[in-house]
Amino acid sequence: DLDQNPTNPDTELFPEWRFYQPMAGKLRLTVPIETIRGCPYRCGFCNTPSQHDLYGHDFFRKKSVAKVREELLHALRFHPEFVYFWADTFLAQSPRELDEFCEMYREFQIPFWIQTRPETITREALRKLQQVGLFRLSVGIEQGDEEYREKVLVRPYSNELALERLQLVTDLGVTFSTFNMIGLPDETPELHWQTVLINRQIRSDTTNCSTFTPFVGTPLRDLAVRRGYLDPRVICSGTYEESLLNMPGFPRERIKGLQRVFPMYVKFPENRWPEIKEAEALTPQGDAKWRQLREEFTATFFSDADDKTPHG
């Protein structure tokens, strides 16, 4: 029962800088407040399937609104500028639970950030959260090919649905970013290109693409080992910029090159793609082109305002 956890953890264990997080181009004093532990979904790259297998559905738990309020009151002593509501899928809650949360949070009105999945987004939920301080959300797309995403990542929703729900976010003026991955088991450059294409249709202010990390206990690590892409003795101690998989159809150098230019393919117009292609190459010439394009990208898609709020 998450409500049995202490409300006043010993935050003196942490240095002050740990409470500052980058948000919209500034370092802001941010407090994390956990609302949900676990996740009702079973994505292949995540540890949630293993947790479900170990503990059953009891692993997915929610704090009561009263408990969340207690923790917020405790956090006020830090005078936070932002709150990050720590939940794998914040909108994995019923309309009644969301209404209770919003009614409680009117007392605080501190700007906050959440992460969720496309299919959990509704206009009604976003409007209610906006009224009490929603500043930003992050949404996982991960991979743009519908069949691969459903069969390998176990994320069975259509691109049409994802685009429809994220258009709601744009229409309501909520800033958001997308999470994506590259170098997944059995992925190819052609499959990755589908991730580029769907992100080009999404009007997020920022987009991220990380290299797949095969953590122990995740179904996709097991798949990578079975395919012979990964030495089973490898233990991941954190996330990696370079791929740990050895896939003949998607070499590590190609993964790294595509990963570093991903936002450029998404944001720059199509007539710039030949230049971006040059920047994929892990050569002195490719590195120079990448640095040149990165400088232009920053100047183009980030304003000169004090808070460096992205636009694009």
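The structure we're discussing is the one just above.
Quick caveat, the model's predicted, so the values are computed rather than measured.

Calculation notes
Residues numbered from 1 in each chain as written. Predicted model: local features only at pLDDT ≥ 70, side-chain atom pairs only at ≥ 80, totals over all residues. Heavy atoms only, no water. Helix = DSSP H or I, 4+ residues; strand = E, 2+ residues; numbered from the N terminus. Rg over C-alpha atoms; globule rule 2.2 N^0.38 Å. Contact = heavy atoms within 4.5 Å. Areas by Shrake-Rupley, 256 points an atom, 1.4 Å probe, with all protein chains shown as cover. Lys, Arg positive; Asp, Glu negative; His and termini not counted. Charge placed at Lys NZ, Arg CZ, Asp CG, Glu CD. Core = buried A, V, L, I, M, F, W, Y, C linked by side-chain atoms within 4.5 Å. Buried < 20%, exposed > 50% of the residue type's maximum accessible area, 1.4 Å probe, protein only. Expected span 1.5 Å × (residues − 1). Bend = angle between axes of the 7 residues up to and from the residue. Salt bridge = Lys/Arg side-chain N within 4 Å of Asp/Glu carboxyl O. Phe/Tyr/Trp six-rings, centres within 6.5 Å; stacked < 30°, edge-to-face > 60°. Pairing = 2+ DSSP bridges. Axes fitted to C-alpha atoms, helices over the stretch in contact; angles between N-to-C directions. Right-handed = clockwise from strand over helix to strand, strands pointing away. Polar contact = N/O pair within 3.5 Å; in protein donor to acceptor, adjacent residues only side chain to side chain.

Asks: Got a minute to help me understand the overall build of the protein chain in this structure?
Replies: Tallying secondary structure elements over the protein chain gives eleven helices and nine strands in all. The C-alpha atoms of the protein chain give 20 Å as radius of gyration, which agrees with the globular expectation for 312 residues (20 Å, within 12%). Overall, the C-alpha framework of the protein chain stretches about 55 × 50 × 40 Å when taken along its three principal axes. Taking all contacts inside the protein chain whose residues are at least 6 apart in sequence as the whole, residues at least 24 apart take part in 70%. On the protein chain, roughly 15,900 Å² of surface is accessible, and the fraction owed to carbon and sulfur atoms is 52%. Across the protein chain, the 39 positively charged side chains and the 46 negatively charged ones have centroids separated by 1 Å.

Asks: Help me out: how do you make sense of the nonpolar core in this one?
Replies: Burial of nonpolar side chains together is a common tendency in soluble globular proteins. Among the nonpolar cores identified, the biggest contains 40 residues, and Phe85, Tyr105, Phe112 and Leu129 are the most heavily contacted of them. Within the residue set of this core, elements represented by two or more residues are strand 2 (26-34), helix 2 (65-75), strand 5 (82-86), helix 3 (95-105), strand 6 (112-116), helix 4 (123-131), strand 7 (134-142) and helix 6 (159-171). Top contributing element to this core by residue count: helix 3, with five residues. Apart from residues no more than four positions distant in its own chain, Phe85 is found in contact with Ile33, Thr35, Val68, Leu72, Phe90, Phe101, Tyr105, Phe112, Trp113 and Ile114. In terms of nonpolar packing, the next biggest core, distinct from the first, is built from 35 residues, Phe45, Tyr148, Tyr265 and Ala279 among them.

Asks: Help me understand helix 9 (residues 252-267), please; the structure alone is not making it clear to me.
Replies: Along an α-helix, a turn takes 3.6 residues, which lines up residues three or four apart on a common side. With 16 residues, helix 9 extends 24 Å from end C-alpha to end C-alpha; this agrees with the ideal 22 Å at 1.5 Å per step. In the structure, helix 9 departs most strongly from a straight axis at Val261, where the bend amounts to approximately 50° and where the proline Pro263 lies between one and four residues downstream. For helix 9, the set of buried residues is Ile255, Gly257, Leu258, Arg260, Val261, Phe262, Met264, Tyr265, Val266 and Lys267. Looking at the buried positions of helix 9, the neighbouring elements they touch are strand 8 (175-182), helix 7 (189-200), strand 9 (206-211), helix 10 (273-280) and helix 11 (284-301).

Asks: Teacher, can you tell me more about the pattern of salt bridges here?
Replies: Pairing is possible between side chains of opposite charge, provided their charged atoms come close. Tallied over the entire structure, the rule returns 22 salt bridges. Residue Glu280 pairs with Arg254 through a salt bridge whose shortest N-O separation is 3.6 Å. Note that Glu280 is positioned in helix 10 and Arg254 in helix 9, a separation of 26 residues in sequence. Linked through salt bridges whose partners overlap, the residues forming this network are Glu34, Arg37, Lys63 and Glu71.

Asks: How should I be thinking about the packing of aromatic side chains in this particular structure?
Replies: Here a ring pair, both rings aromatic, is described through the centre-centre distance and the interplanar angle of the planes. Overall, the coordinates contain 20 aromatic pairs when judged by the stated rule. Measuring from centroid to centroid gives 5.6 Å for Tyr55 and Phe59, while their planes differ by 20°, and the two rings are stacked. For Tyr55, a relative accessible area of 52% translates into the label exposed. An aromatic cluster is defined as three or more aromatic residues linked by ring pairs; in this entry it consists of Phe85, Phe90, Phe101, Tyr105, Phe108 and Phe112.

Asks: How do you make sense of the sheet that holds strand 7 when you look at a structure like this?
Replies: Strand pairing in a sheet takes place through backbone hydrogen bonds and is either antiparallel or parallel in direction. If you walk across this open sheet you meet the seven strands as 1-2-5-6-7-8-9, and the pairing is mixed. Every other strand in the sheet has two partners, leaving strand 1 (20-23) and strand 9 as the edge strands with one partner each. Along the sheet, successive strands turn relative to each other by an average axial angle of 35°, direction set aside. Here five bridges tie strand 2 to strand 5, and the two strands are oriented parallel to one another. Of the residues in strand 5, the one forming a bridge with Thr30 is Phe82.

Asks: Explain the pairing of strand 5 here, please?
Replies: The two faces of a sheet get side chains in turn, since along a regular strand they alternate between them. Counting buried residues along strand 5, four of its five residues qualify, which places the element largely inside the surrounding structure. Bridge analysis of strand 5 against strand 6 gives two bridges, and the strand direction is parallel. Looking at strand 6, one finds that Val83 is bridged to Phe112. The β-α-β motif built from strand 5, the intervening helix 3 and the parallel element strand 6 has right-handed crossover chirality.

Asks: I keep staring at the side chain of Arg272 and nothing clicks. Help me out?
Replies: Note on placement: Arg272 falls in the loop between helix 9 and helix 10. You can call Arg272 buried: its relative accessible area is 16%. If sequence neighbours within four positions are ignored, Arg272 has contacts with Leu293 and Glu296.

Asks: What exactly am I supposed to notice about the side chain of Thr207 here?
Replies: In this structure, Thr207 sits in strand 9. Side-chain polar atoms of Thr207 contact the side chain of Thr178, separated by 2.8 Å. Engagement of the side chain of Thr207 in a polar contact is seen with the side chain of Asn199, the distance being 3.2 Å. With sequence-adjacent residues up to four places away left out, Thr207 is seen in contact with Thr178, Asn180, Asn199, Phe262, Pro263 and Val266.

Asks: When you look at the pairing of strand 2 in this model, what are you seeing that I'm missing?
Replies: Alignment of strand 1 against strand 2, held across four bridges, turns out to be antiparallel. The partner of Pro22 across the bridge, within strand 2, is Leu27. Where strand 1 folds back on strand 2, the antiparallel hairpin that results is connected by two residues, among which Ala24 adopts a positive phi of roughly 55°.

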